[in-house]
Amino acid sequence: PEEDGLLTRLGQIELQRGRTEAGLALLQESLRLNPNNPPLRDYVQALAGAEQSFEGPYRVDPGAELAARPKGLLAPGKGALCLLHNEALRVHRDGTQARWLQRFFVITSAEGVRDFDLVSLPYVAGEQKLSVLTARVHHPDGTRDDARTERAGGGGGGEDRVWRRFPVDLPVLEIGDVIEIEHRVEDVRPTFFGDYFGDVITFGLAYECADFRYTLV
């Protein structure tokens, strides 16, 4: 199709289906046909920028983290202990953000096995894109199992702002297993806050945390 409005709508549909590359290509073609569309141009720039990972310098090596794990943590408690909460937030000049989290949990009881059978990751549909980068279970014998990594959201500007939770189905767990979850949530367009920046850091997590890190980029 050669009509820019149709290309924009097709691009939005692809993004809502989680097909970011295809959706972005359609929106860029729409801009080529009609460059005089500032809102779409800003949206495409934000979406293209969101595809650039930034977390490399802040990522902790799983092997090092597991080797440094304190001993004697398997006494029953709340079901699990957070070994590491590692979070980095990058803020752009237009107010859009990209939040990256890397977390390790050790399962300490049957309650934890039940709690972590399915992990839910929040994002705002219509404004954010969620990418599950790592979903892995490290077993005490040194073996590991990976869950499927996926993407959700993306929006296209027409979707209402709604909080959603994306489910990650982990492999079968046992007491003593360590769960590694890494994901990134990126704004794909400016929010109603504009270029204002603010963040809320919650230290009262559901599980006791041995190491909490927060980096503002």
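Our subject is the structure listed above.
A brief structural summary. (Residues numbered from 1 in each chain as written. Predicted model: local features only at pLDDT ≥ 70, side-chain atom pairs only at ≥ 80, totals over all residues. Heavy atoms only, no water.)

**Quick look at the pairing of strand β8 (residues 178-187)**
Move 1: For β8, the buried fraction is high: ten of the ten residues fall into the buried class.
Move 2: Covered by surrounding structure in β8 are Val 178, Glu 180, Glu 182, Arg 184 and Glu 186 together with Ile 179, Ile 181, His 183, Val 185 and Asp 187, the residues of both alternating faces.
Move 3: Summarising the sheet, strand β2 (residues 97-107) and β8 pair through nine bridges and their orientation is antiparallel. The partner of Phe 105 across the bridge, within β8, is Ile 179.
Move 4: Bridge analysis of strand β4 (residues 128-138) against β8 gives ten bridges, and the strand direction is antiparallel. Across the sheet, residue Ala 135 finds its bridge partner in β8, namely Ile 181. (Buried < 20%, exposed > 50% of the residue type's maximum accessible area, 1.4 Å probe, protein only. Helix = DSSP H or I, 4+ residues; strand = E, 2+ residues; numbered from the N terminus. Pairing = 2+ DSSP bridges.)

**Focus: the environment of His 85**
Move 1: Mapped onto the secondary structure, His 85 falls in strand β1 (residues 80-91).
Move 2: Excluding residues that lie within four positions of it along the chain, His 85 makes contacts with Leu 101, Gln 102, Arg 103, Leu 205, Cys 209, Asp 211, Phe 212 and Arg 213. (Contact = heavy atoms within 4.5 Å.)

**Considerations on the nonpolar core**
Move 1: Ranked by internal contacts, the top residues of the largest apolar core, which has 23 residues, are Phe 116, Val 168, Leu 170 and Ile 179.
Move 2: Sorting the residues of this core by element identifies β1, β2, β3 (118-125), β4, β7 (162-169) and β8 as the ones contributing at least two each.
Move 3: Those residues within four positions of Leu 170 in sequence are excluded, and the remaining contacts are Phe 116, Asp 117, Val 119, Ala 135, Ala 147, Ile 179 and Ile 181.
Move 4: Counting residues in each nonpolar core, the second largest holds nine residues, with Leu 15, Leu 27, Leu 40 and Tyr 43 among its members. (Core = buried A, V, L, I, M, F, W, Y, C linked by side-chain atoms within 4.5 Å.)

**Some words on the pattern of salt bridges**
Move 1: Counted according to the given criterion, the structure contains eleven salt bridges.
Move 2: Glu 29 is paired through a salt bridge with Arg 32; the nearest N and O atoms lie 2.6 Å apart. Of this pair, Glu 29 and Arg 32 both sit in helix α2 (residues 20-33), three residues apart, which is roughly one turn of the helix.
Move 3: Members of the salt-bridge network, linked through shared partners, are Glu 55, Arg 59, Lys 129, Glu 182, Arg 184 and Glu 186. (Salt bridge = Lys/Arg side-chain N within 4 Å of Asp/Glu carboxyl O.)

**Some points on the packing of aromatic side chains**
Move 1: Within the structure shown, the criterion is met by three aromatic pairs.
Move 2: On the numbers, 4.9 Å between centres and 45° between planes, the contact of Phe 105 with Phe 116 is tilted. With Phe 105 in strand β2 and Phe 116 in the loop between α5 (110-115) and β3, this pair connects stretches of sequence that are eleven residues apart. Each member of the pair, Phe 105 together with Phe 116, is buried.
Move 3: For Phe 105, a relative accessible area of 9% gives the class buried.
Move 4: Members of the aromatic cluster, connected to one another through ring pairs, are Phe 105, Phe 116 and Tyr 207. (Phe/Tyr/Trp six-rings, centres within 6.5 Å; stacked < 30°, edge-to-face > 60°.)

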